[in-house]
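Coordinates in review
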Amino acid sequence: LLRSSQPLSGPNRRRCREDEQLLGTILDEDERGFIIDTRSAQAAKQARMGGGGTEPKSSYPQWRRLHRGLERGRPLQESFIRLVEACSEASPGMDRWLGRLESSRWLSHVKAALSTACLAAQCLDREDAKVLVHGAEGTDTTLLVTALAQLILDPSCRSLEGFQELLEREWIEAGHPFQLRCARSASSHARGKQEAPLFLLFLDCVWQLSRQFPLSLEFGEQLLLTLFDNAYASAYGTFLCNNERERSLCKVKESTHSLWAWLNQPEEKQKYLNPLYSHNPLVIWPSVEPQSIQLWQGLFLRWIRPSQHLDEAWEEIQRLVKGN
């Protein structure tokens, strides 16, 4: 599974022979690969019309290109804002609530992300093919797809330690611009041009996996909520800045503490472990049918829905597991 930091041809040029040569060395003569473009076919066409790069099929004869358009930027941010506003409305009627939930289109974004990740995983697992994922800039939807595909395929990524390594590798070191994307909360009246909840969308997809496979992830919902909170406002330096270069210039590692070091303290770690976890060596294929995708109530309704009984039930589960 490969990810590209940019489309395979640069701006104002029709072909990039270096990219063609690089991809040509990845496959043997009898092998084939898939290029999953997280831009829609229409968006790619518009980019070409504007002088952007292109990938002519004749230059990549062993690669099949698949377009799976995923929203990013302003459309995704507006979807997030509409969902938060719907969840914050006091005592809406059933029809109004369902209508506002549907019009936010947030669950459609969750479904699209999981579907694209499943496509990448299927190409790897069932077709035994190489897969390259790329998009507009390579720091948003590209990371979303590659990280989810690894969770689906690789059981080591579903452990607490492995999940932290996945986040460090696929989001932080790969250059997701946390400072720009998570500048303000969805309740803010200001609208930053670069804001977009890509990381939140990833966490929501992980929650969907944990709900459909409650025994297969070593960590629980509380970890995902903690990661969301720290991405937007944190006392730690893990999600600061937009890339490794900025973190180096700002001496983040020298001047701040790591979120992972705090989470991995024995007394803290127990709060985030799933007491029902059982190592699952198999691939976990999530259902992406509309009835299988649910609203993440633990996040979006956590200030409205009382959590006392759920917390008590969780503590009882932990007590029973320890007792056995």
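Just above sits the structure.
Residue numbers run consecutively from 1 along every chain, following the written order of its sequence. Totals for whole chains, interfaces and linings use every residue, but because this is a predicted model, local features are given only for residues with pLDDT of at least 70 and side-chain atom pairs only at 80 or more, for both listing and counting. Excluding hydrogens and water, the side-chain values take into account all heavy atoms of the structure.

**Topic: the sheet that holds strand S1 (residues 2-3)**
Quick note on the threshold: DSSP bridges decide pairing: two strands pair if at least two such bridges lie between them. Runs of H or I in DSSP of at least four residues are treated as helices and runs of E of at least two as strands, each being numbered from the N terminus. A contact between two residues is defined here by any heavy atoms of the two lying within 4.5 Å. Fitted lines through C-alpha atoms serve as axes, helices being fitted only where they are in contact, and the angles separating the N-to-C directions of these axes extend from 0 to 180 degrees.
With respect to topology, 4 strands assemble into an open sheet ordered S1-S4-S2-S3, the strand pairing being parallel. Either end of the sheet is taken by a strand with one partner, and the two such strands are S1 and strand S3 (63-67). As paired strands, strand S2 (residues 33-37) and S3 are joined by 5 bridges and run parallel to one another. Residue pairing for S3: Asp37 is matched across the bridge by His67. Sitting on the sheet, helix H5 (residues 106-125) is in contact with S2, S3 and strand S4 (130-134), with an inclination near 170° to S2.

**Re the packing of H5 against helix H9 (residues 198-212)**
Selection criterion: Relative orientations are named as follows: roughly parallel for angles under 35 degrees, roughly antiparallel for angles over 145 degrees, roughly perpendicular for angles from 65 to 115 degrees, and oblique for any other angle. Classification convention: Asp, Glu, Lys, Arg as charged; Ala, Val, Leu, Ile, Met, Phe, Trp, Tyr, Cys, Pro as nonpolar; all other residues, Gly among them, as polar.
The geometry of H5 relative to H9 is characterised by a closest axis approach of 10 Å and an angle of 75° between their N-to-C directions. Here H5 is positioned roughly perpendicular relative to H9, judged by the angle of their axes. Counting all contacts with H5, which are made through Trp106, His109, Val110, Ala113 and Leu114, the residues of H9 involved are Leu200, Leu201, Asp204, Cys205 and Gln208. Its residues assigned to classes, the contact of H5 with H9 shows 7 nonpolar, 2 polar and 1 charged.

**Topic: the pattern of salt bridges**
The cut-off we apply is this: Whenever a carboxyl oxygen of Asp or Glu lies within 4 Å of a side-chain nitrogen of Lys or Arg, that contact is scored as a salt bridge. Relative accessible area decides the class of each residue, using a 1.4 Å probe on protein chains only: under 20% of the type maximum gives buried, over 50% gives exposed, and in between gives partly exposed.
For the coordinates displayed, the defined rule picks out 14 salt bridges. One salt bridge in this structure joins Arg32 and Glu127, with 2.5 Å as the shortest N-O distance. One end of the pair, Arg32, is in the loop between helix H1 (17-26) and S2; the other, Glu127, is in the loop between H5 and S4, and 95 residues separate them in sequence. The partly exposed category is assigned to Arg32, whose relative accessible area is 43%. Overall, Glu127 belongs to the partly exposed group, its relative accessible area being 40%. Ionic pairing is found between Glu316 and Arg319, a salt bridge with its closest N-O pair at 2.5 Å. On the criterion of helical spacing, the pair formed by Glu316 and Arg319 is a turn pair, its members being 3 residues apart in helix H16 (residues 308-323). By relative accessible area, which is 34% here, Glu316 ends up partly exposed. Several salt bridges converge on common partners, so that one network encompasses Arg72, Glu137, Asp140 and Arg181.

**As for the nonpolar core**
Going by this rule: Throughout this description, the term nonpolar core refers to a set of buried Ala, Val, Leu, Ile, Met, Phe, Trp, Tyr and Cys residues connected via side-chain atoms within 4.5 Å.
Among the nonpolar cores identified, the biggest contains 74 residues, and Phe163, Trp171, Phe199, Phe202, Leu227 and Phe300 are the most heavily contacted of them. In this structure, Phe199 is in contact with Leu167, Trp171, His176, Phe178, Leu227, Ala231 and Phe239, ignoring residues within four places of it in sequence. Among the nonpolar cores identified, the runner-up in size contains 6 residues, and Leu27, Ile35, Tyr60 and Trp63 belong to it.

**Quick look at the layout of surface pockets**
Rules: In the cavity and pocket records, a cavity denotes points on a 1 Å grid over the protein atoms alone where a 1.4 Å probe fits but cannot get out, a pocket denotes an open set with protein on both sides within 12 Å along at least 5 of 7 lines, and lining residues are residues with an atom within 4 Å of a point. Grid points are joined across faces, edges and corners, and a volume is the space filled by probe spheres set on the points.
Here the largest pocket is characterised by a volume of approximately 910 Å³. As for the largest pocket, its lining consists of 29 residues, of which Gly220, Glu221, Gln222, Leu310 and Trp314 are closest to the centre. Elements with a minimum of two residues in the lining of the largest pocket: H9, helix H10 (221-232), helix H14 (266-272), helix H15 (297-300) and H16. Considering every element that reaches the lining of the largest pocket, the biggest residue donor is H16, with 7 residues.

**Observations concerning unusual backbone geometry**
Peptide bonds are trans in most cases, and residues, glycine excluded, mostly fall at negative phi. In this model, Cys241 sits at a positive phi of 70°, which is unusual for a non-glycine residue. Residue classification places Cys241 among the buried positions, given a relative accessible area of 8%. Phi is positive for Lys251, close to 55°, though the residue is something other than glycine. Here Lys251 is to be found in the loop between helix H11 (244-249) and helix H12 (252-255).

**Some details on empty space enclosed by the protein**
Taken as a whole, this structure holds 2 cavities of 30 Å³ or more when the rule is applied. Approximately 30 Å³ is the volume attributed to the second largest cavity. Around the second largest cavity, the lining residues are Arg72, Gly135, Ala136, Glu137, Gly138, Thr139, Asp140, Thr141 and Thr142. Here the residues of the lining of the second largest cavity are counted per class, giving 1 nonpolar, 5 polar and 3 charged.

**Comments concerning the state of the cysteines**
Put plainly, two cysteines are in a disulfide when a covalent bond ties their sulfur atoms together. Which entries qualify depends on this criterion: Two cysteine sulfur atoms make up a disulfide if the distance between them is within 2.5 Å.
Across all of its chains, the model carries 0 disulfides by this definition. Looking at the unpaired Cys123, the closest cysteine sulfur is the one in Cys118, lying at 11 Å. Owing to a relative accessible area of 4%, Cys123 belongs among the buried residues under this scheme. Cys182 forms no disulfide, and the closest cysteine sulfur to it belongs to Cys241, at a distance of 13 Å. For Cys182, a relative accessible area of 7% translates into the label buried.

**Thoughts on the packing of aromatic side chains**
Selection rule: We call Phe, Tyr and Trp rings a pair once their centres come within 6.5 Å, taking the six-membered ring for Trp, and we label the pair stacked below 30 degrees between planes, edge-to-face above 60, and tilted otherwise. Put simply, a charge is over a ring when the Lys NZ or the Arg CZ is close to the ring centre, within 6 Å, and near the line of the ring normal, within 35 degrees.
The tally for this structure, following the rule as stated, stands at 15 aromatic pairs. Both rings, one in Trp171 and one in Phe199, keep their centres 5.4 Å apart while their planes meet at 75°; by these two values the pair is edge-to-face. Residue Trp171 is found in helix H7 (residues 160-172), and its partner Phe199 is found in helix H9; the two are separated by 28 residues along the sequence. Residue Trp171 is classed as buried on the basis of its relative accessible area of 0%. Taking relative accessible area as the criterion, Phe199 reaches 3% and is therefore assigned buried. Geometrically, the ring pair formed by Phe239 and Trp260 is edge-to-face, given 6.2 Å between the ring centres and 80° between the ring planes. One end of the pair, Phe239, is in the loop between H10 and H11; the other, Trp260, is in helix H13 (residues 259-263), and 21 residues separate them in sequence. Take Phe239 and Trp260: they sit in the same class, and that class is buried. Looking at Arg126, its charged tip hangs above the ring of Trp285, at a distance of 4.5 Å from the centre.

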